[in-house]
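# Structural overview
Residue-level listing of the chains:
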Amino acid sequence: MTTQKPLKIVETVLRDGHQSLAATRMRTSDMVPVLEQLDEIGYFALEAWGGATFDSCLRFLDEDPWERLRILKKHLKKTPISMLLRGQNVLGYNHYADDVVETFVQRMVENGIGLVRIFDALNDVRNLEVAMRAAKKAGAHVQGAIVYTISPYHTTENFLQVARDLVELGADSVCIKDMAGLLAPYTAYDLVQTIKQKLGVVVDVHSHYTSGMASMTYLKSMEAGADIVDCALSPFALGTSQPATEALVATLEGHPRETGIDKEKLYPIADHFRKVKKDLAETFKLNTAIDIDTKVLSFQIPGGMLSNFLNQLKQQGKADKYPELIEELPRVRAEIGYPPLVTPTSQIVGSMAAFNVILGRYKVVPQEIKDLARGAYGRTPAPIQDVMKEVIAGQKVITHRPADDIPAQMETLTKKLAEKGYPNATVEDVLSYALFPEVALKFFAANRSAAAAE
Ligand code: CO
């Protein structure tokens, strides 16, 4: 069942592009000059919020992420603003109470989000229910995401089941989220075709260039009937980011599924972002020239993780342990039930593997790994192995939806923030505080008048 409709594009230059290549440091002022032009292109959506941008605004850029969203919305009158939400983790790293998730989603839609892409690191759809329902209720386009990974437990059938669950939960579209660039072209063809045939739902493919396959993966996905692909304008494309928008548009010119986008209109916007990238690299001392790393195809470890590992080991004078670590990581991942490696599981599994090679296997075990093993983040894709059962001996195993154990938090947080000197804090400020308490307080101290915070 192939469609002949134009292939649509989600432009990621304002979120994933700079998150992947410039440590999420793009500022609102870097975006504003070209927003009206971007709005005229005819994108399916402009991904511009969520992921790591919220944290980065508060932590590194001295910006209010909510204010950024309102500014974006003011300039983007036609094109929906899309964002990436970590299900019950919202934009943080823990599970939050349902009322935090619901309020956050409601406020972000009210402030300008039109499309919400929601994923769970374990593909445990129970962790998506509340966010999806809230986004639906707020009137946004709800995109349920399947986190793509490779393991003996991750088959087309398994991913189809996740897609089916997402559709049953009310997803308007389904995203295949390939954060590590592991989705091979013909696998993508099979997966997209299966989902289209069985469910008929709108499919969006989101891949990264990390392994060098993403353009081919998009082309095969398109041939299999994918409706949408995610691309970044060339200065923020390739490397560990998405395929380039201009190249994809040109590829399909004259084809029955041509995008309808005029590539001539993209060039001046790309020129702007080329300058922005140079400026960000200088201002924040970044290496924005991140090569693709084909080793990811063998190790199945996200590219960014490999370089982080090497840096951490170097800092501790243990660079010689790197080859061991590369072998240890997949072993730990298997023992803990093959979670996809994406925030926060990538950090949790990654640090366990590092501890194992430096200190001996499971000699020191962070609580996060125990929590992941005992179901506190949700169901692991496969059962945990015996060695992991020993690690969590005596700990409470959780088989229900983890957030069922978290009492409502909004009222307590509002009170706490009042005690800290912000009795008139906005709901948005309370939400920032909920996700990143210390970082938010530091931001408020510099940007809000205490006791009269509006
Ligand atoms: Co991505």
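Given the structure is predicted, the values throughout are model-derived calculations rather than measurements. (Residues numbered from 1 in each chain as written. Predicted model: local features only at pLDDT ≥ 70, side-chain atom pairs only at ≥ 80, totals over all residues. Heavy atoms only, no water.)

For the rest of this paragraph, the subject is the domain arrangement of the protein chain. Per the domain assignment, the segments making up the protein chain are domain 1 (8-284), domain 2 (301-404) and domain 3 (409-447). Placing the centre of domain 1 and that of domain 3 at their C-alpha centroids yields a distance of 28 Å. Taken together, the contact pairs 21 residues of domain 1 with 14 residues of domain 3. Around 1600 Å² of area is buried between domain 1 and domain 3 when both sides are counted, 68% of it from carbon and sulfur atoms. Counting across the domain 1 and domain 3 interface gives 1 salt bridge. Taking the shortest distance from any N to any O, the salt bridge between E428 and R107 comes out at 3.6 Å. Residue contributions to the side of domain 1 that touches domain 3 peak at 5 residues, all from helix α6 (residues 98-110). (Domains from an automatic or database assignment. Contact = heavy atoms within 4.5 Å. Buried area = accessible area lost by both parts, 1.4 Å probe. Salt bridge = Lys/Arg side-chain N within 4 Å of Asp/Glu carboxyl O. Helix = DSSP H or I, 4+ residues; strand = E, 2+ residues; numbered from the N terminus.)

Taken together, D16 (OD), H206 (NE2) and H208 (NE2) make up the full set of protein donors to the cobalt ion, lying 2.0 to 2.1 Å away. Sequence spacing of the donor residues for the cobalt ion, all on one chain, is D-x189-H-x1-H. A relative accessible area of 1% places H206 in the buried class. (Donors = N, O, S within 2.8 Å, 3.2 Å for Na, K, Ca; no water. Buried < 20%, exposed > 50% of the residue type's maximum accessible area, 1.4 Å probe, protein only.)

Let us now look at the sheet that holds strand β8 (residues 228-231). Hydrogen bonds along the backbone pair up the strands of a sheet, which may run parallel or antiparallel. Spatially, β1-β2-β3-β4-β5-β6-β7-β8 is the arrangement adopted by the 8 strands of the closed barrel, whose pairing is parallel. Pairs of neighbouring strands in the sheet enclose a mean axial angle of 30 degrees, with direction left out of account. Of the strand pairs in this sheet, strand β7 (residues 202-207) and β8 are connected by 2 bridges, and their pairing is parallel. When the bridges of β8 are listed, D204 appears paired with I228. (Pairing = 2+ DSSP bridges. Axes fitted to C-alpha atoms, helices over the stretch in contact; angles between N-to-C directions.)

Within the largest apolar cluster, 100 residues are counted, with the highest numbers of intra-cluster contacts made by L85, F104, M108 and F273. Discounting chain neighbours no more than four positions away, the residues touching F273 are V13, L14, M26, D30, V34, L38, L233, P235 and F236. (Core = buried A, V, L, I, M, F, W, Y, C linked by side-chain atoms within 4.5 Å.)

What follows is about unusual backbone geometry. Comment: phi is negative for the bulk of residues other than glycine, and the bulk of peptide bonds are trans. Positioned with a positive phi, K285 is a non-glycine residue whose angle comes to about 50 degrees. Tracing the sequence through the fold places K285 in the loop between α12 (263-283) and α13 (296-299). The class for K285 is exposed, based on a relative accessible area of 74%. Although it is not a glycine, Y338 adopts a positive phi angle of roughly 55 degrees. With respect to the helices and strands, the residue Y338 is situated in the loop between α15 (322-335) and α16 (345-359). Residue class for Y338 comes out buried when judged on its relative accessible area of 17%.

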